Amino acid sequence: MSPTIYMIILSTLATGTIITMTSYHWLMAWVGLELNTLAIIPIISTMHHPRSTEAATKYFLTQAAASALILFSSMTNAWNTGSWDITQPLTSPSHILLTMALAMKLGLAPLHFWLPEVIQGSTMTTAFIITTWQKIAPMSLIFLTMNNLSTSVLLLMGLLSSLVGGWGGLNQTQTRKIMAYSSIAHLGWMATISSIMTNILIMNLLIYLIMTTSVFLSLIISKSKTIQDTTSTWTLSPTLTIIMLLSLLSLGGLPPLTGFIPKWLIMEELILQNFNLLISMMAASSLLSLYFYLRLTYTTALTLSPNTTQTKFKWRFYPNTSTMFITTPATISIFLLPMTPLILL
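Residues numbered from 1 in each chain as written. Predicted model: local features only at pLDDT ≥ 70, side-chain atom pairs only at ≥ 80, totals over all residues. Heavy atoms only, no water.

- For the protein, an unreviewed UniProt entry supplies the name NADH-ubiquinone oxidoreductase chain 2 and the organism Anolis carolinensis.
- Reading the Sequence similarities (unreviewed entry) entry of the UniProt record for the protein gives the comment "Belongs to the complex I subunit 2 family."
- A UniProt comment under Catalytic activity (unreviewed entry) is attached to the protein, and it reads "a ubiquinone + NADH + 5 H(+)(in) = a ubiquinol + NAD(+) + 4 H(+)(out)". (UniProt positions renumbered as here; feature names shortened; annotations may be inferred.)

Pasting the structure below:
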């Protein structure tokens, strides 16, 4: 794909998200989501490979179905109430339809099956766009319609997503699929808190985007497509190895790192609301997620791959990808915990 066309498609992708985020009319929100979907399809299918074509088809079908559900719920609501305003209360069937549609857009369990398959069929950069940028538009709709969505459905989906994200990633060897299940688990945590405290939801989304950016940029620079590939990261750059190690542990939510902030605040808030069983199950499922992050950190930083090279480092060619962009997200995803009181204000 030529750089000019690629830039046009990326700007269309950004425009679609911004239209959805800034609209108060259901039709405009739907138009933004459609623009977003149609712009990502050519990006997914650039590889001219059966896997990428399959991934693009799966992505298109699920997103089109979710968009149709959103349109259908807003139309039935407009039929009953005469209002197309996003912030107005929805009727009973409409709000359940909308909750399911947004869960399908995000990839929340039990509507998550498309996400690992689509990400595995894409390139690393496309997988990075799908797990980060593509979550912003549906999340902004959840934020706008929070008072209208079904709380019990969101809590149940959040619990299911954290469990599926933990269990699903255990036996994966592909780093993209591991990141897909990681995304499902993190979105589960966001879904549970969304109906209780929206400011924690926004903070969790921002921290998730930054941590995922840091990990994906590490994987893109080191060209690590499988767990086995990560064993030779140290020969490329010891600094990158340390960044990758700490970013993965932060994504797992270990205490001295940034990833602990959302887990800590969500657990505290859910305990205050007396969701003790729910949060116990979610905390247990986060241990499952932590296992596969630890497995990645172990292969990246603590093992030497069996090789016959006589030199300590690889040949240092000029890198194809710029390493400048990783500095900010890596720093934030490691050192932000002491800033928690400022973030909460």
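What about the overall build of the protein?
Part 1: Of the regular secondary structure elements, the protein holds 16 helices and zero strands.
Part 2: In terms of overall size, the protein behaves like a compact globule, its C-alpha atoms giving a radius of gyration of 20 Å where 345 residues would be expected to give roughly 20 Å.
Part 3: Summarising its shape, the C-alpha atoms of the protein cover approximately 75 × 50 × 35 Å along the three principal directions.
Part 4: Considering only residue pairs separated by 6 or more positions, the protein has 78% of its internal contacts joining residues 24 or more positions apart.
Part 5: Here the protein contributes 13 positively and 7 negatively charged side chains, and the mean placements of these two sets differ by 17 Å. (Helix = DSSP H or I, 4+ residues; strand = E, 2+ residues; numbered from the N terminus. Rg over C-alpha atoms; globule rule 2.2 N^0.38 Å. Contact = heavy atoms within 4.5 Å. Lys, Arg positive; Asp, Glu negative; His and termini not counted. Charge placed at Lys NZ, Arg CZ, Asp CG, Glu CD.)

Some thoughts on the environment of threonine 125
Part 1: Its place among the elements puts threonine 125 in helix α6 (residues 124–131).
Part 2: The class for threonine 125 is partly exposed, based on a relative accessible area of 36%.
Part 3: Separated by 81 residues in the primary sequence, threonine 125 and isoleucine 44 place their C-alpha atoms 9.5 Å from one another.
Part 4: Each residue touching threonine 125, except ones within four places of it in the same chain, is listed here: Tyr6 and Ile220. (Buried < 20%, exposed > 50% of the residue type's maximum accessible area, 1.4 Å probe, protein only.)

Quick notes on the domain arrangement of the protein
Part 1: Examined at the domain level, the protein breaks down into domain 1 (1–148) and domain 2 (150–304 + 322–344).
Part 2: The distance between the C-alpha centroids of domain 1 and domain 2 comes to 22 Å.
Part 3: Tallying the contact residues gives 31 residues for domain 1 and 34 residues for domain 2.
Part 4: Summed over both partners, the interface of domain 1 with domain 2 buries about 2,800 Å², with 81% contributed by carbon and sulfur atoms.
Part 5: If you look at where domain 1 meets domain 2, you find one salt bridge.
Part 6: For glutamate 117, the salt bridge goes to lysine 177, with nearest N and O atoms at 3.6 Å.
Part 7: Run the count over domain 1 and domain 2 and you get five residue pairs in polar contact (both at pLDDT 80 or more).
Part 8: Every element with two or more residues in the side of domain 1 that touches domain 2 is listed here: α4 (92–106), α5 (114–120), α6 and α7 (136–144).
Part 9: Looking at side-chain class alone, the side of domain 1 that touches domain 2 contains 18 nonpolar, 11 polar and two charged residues. (Domains from an automatic or database assignment. Buried area = accessible area lost by both parts, 1.4 Å probe. Salt bridge = Lys/Arg side-chain N within 4 Å of Asp/Glu carboxyl O. Polar contact = N/O pair within 3.5 Å; in protein donor to acceptor, adjacent residues only side chain to side chain. Nonpolar A, V, L, I, M, F, W, Y, C, P; charged D, E, K, R; others polar.)

Topic: helix α12 (residues 238–252)
Part 1: With 15 residues, α12 extends 21 Å between its outermost C-alpha atoms, agreeing within 8% with the 21 Å of an ideal straight helix rising 1.5 Å per residue.
Part 2: Within α12 the residues assigned to the buried category are Leu240, Thr241, Met244, Ser247, Leu248, Leu249, Ser250, Leu251 and Gly252.
Part 3: Those residues of α12 that are buried are in contact with α9 (175–194), α10 (198–222), α11 (233–236), α13 (260–272), α14 (276–302) and α15 (327–335).
Part 4: Directly after α12, the chain includes glycine 253, whose backbone phi takes a positive value near 90°. (Expected span 1.5 Å × (residues − 1).)

A closer look at the environment of proline 42
Part 1: Tracing the backbone through its elements, the reader meets proline 42 in helix α2 (residues 26–44).
Part 2: Spatially, the C-alpha atoms of proline 42 and alanine 78 are 34 Å apart, while their sequence positions differ by 36 residues.
Part 3: For proline 42, the contacting residues outside a window of four places in its chain are Met1 and Ile9.

Considerations on a nonpolar patch on the surface
Part 1: On the surface, a nonpolar cluster with roughly 300 Å² of combined accessible area is contributed by Leu38, Phe60 and Leu61.
Part 2: With respect to the helices and strands, phenylalanine 60 occurs in helix α3 (residues 50–81). (Patch = residues over 30% accessible without salt bridge, like charges linked within 9 Å, V, L, I, M, F, W, Y side chains within 5 Å. Areas by Shrake-Rupley, 256 points an atom, 1.4 Å probe, with all protein chains shown as cover.)

Quick look at the UniProt feature "domain: NADH:quinone oxidoreductase/Mrp antiporter transmembrane" (unreviewed entry) in the protein
Part 1: This chain's UniProt record puts "domain: NADH:quinone oxidoreductase/Mrp antiporter transmembrane" (unreviewed entry) on residues 23–288.
Part 2: For residues 23–288, helix accounts for 74% and strand for 0%, while the C-alpha atoms at its two ends are 38 Å apart.

Some words on the packing of aromatic side chains
Part 1: Counted under the stated rule, the structure contains four aromatic pairs.
Part 2: Considering the side-chain rings of phenylalanine 260 and tryptophan 264, the 5.9 Å spacing of their centres and the 10° angle between planes classify their relative orientation as stacked. Here phenylalanine 260 pairs with tryptophan 264, and both are found in helix α13, just four residues apart, close to one helical turn.
Part 3: Considering the side-chain rings of phenylalanine 292 and tyrosine 293, the 5.0 Å spacing of their centres and the 55° angle between planes classify their relative orientation as tilted. Here phenylalanine 292 matches tyrosine 293 in class, with each residue buried.
Part 4: Above the plane of the ring of tryptophan 189 lies lysine 263, whose end atom (NZ or CZ) is 5.2 Å from the centre. (Phe/Tyr/Trp six-rings, centres within 6.5 Å; stacked < 30°, edge-to-face > 60°. Lys NZ or Arg CZ within 6 Å of the ring centre and 35° of its normal.)

Some thoughts on α13
Part 1: Taking 1.5 Å per residue as the helical rise, α13 with its 13 residues ought to reach 18 Å, and the 18 Å between its terminal C-alpha atoms agrees with that figure.
Part 2: Of all the residues in α13, the buried ones are Ile261, Pro262, Lys263, Leu265, Ile266, Glu269 and Leu270.
Part 3: At its buried positions, α13 is contacted by α9, α10, α12, α14 and α16 (340–344).
Part 4: The positive-phi residue at the C-terminal boundary of α13 is asparagine 274, with phi of around 65°.

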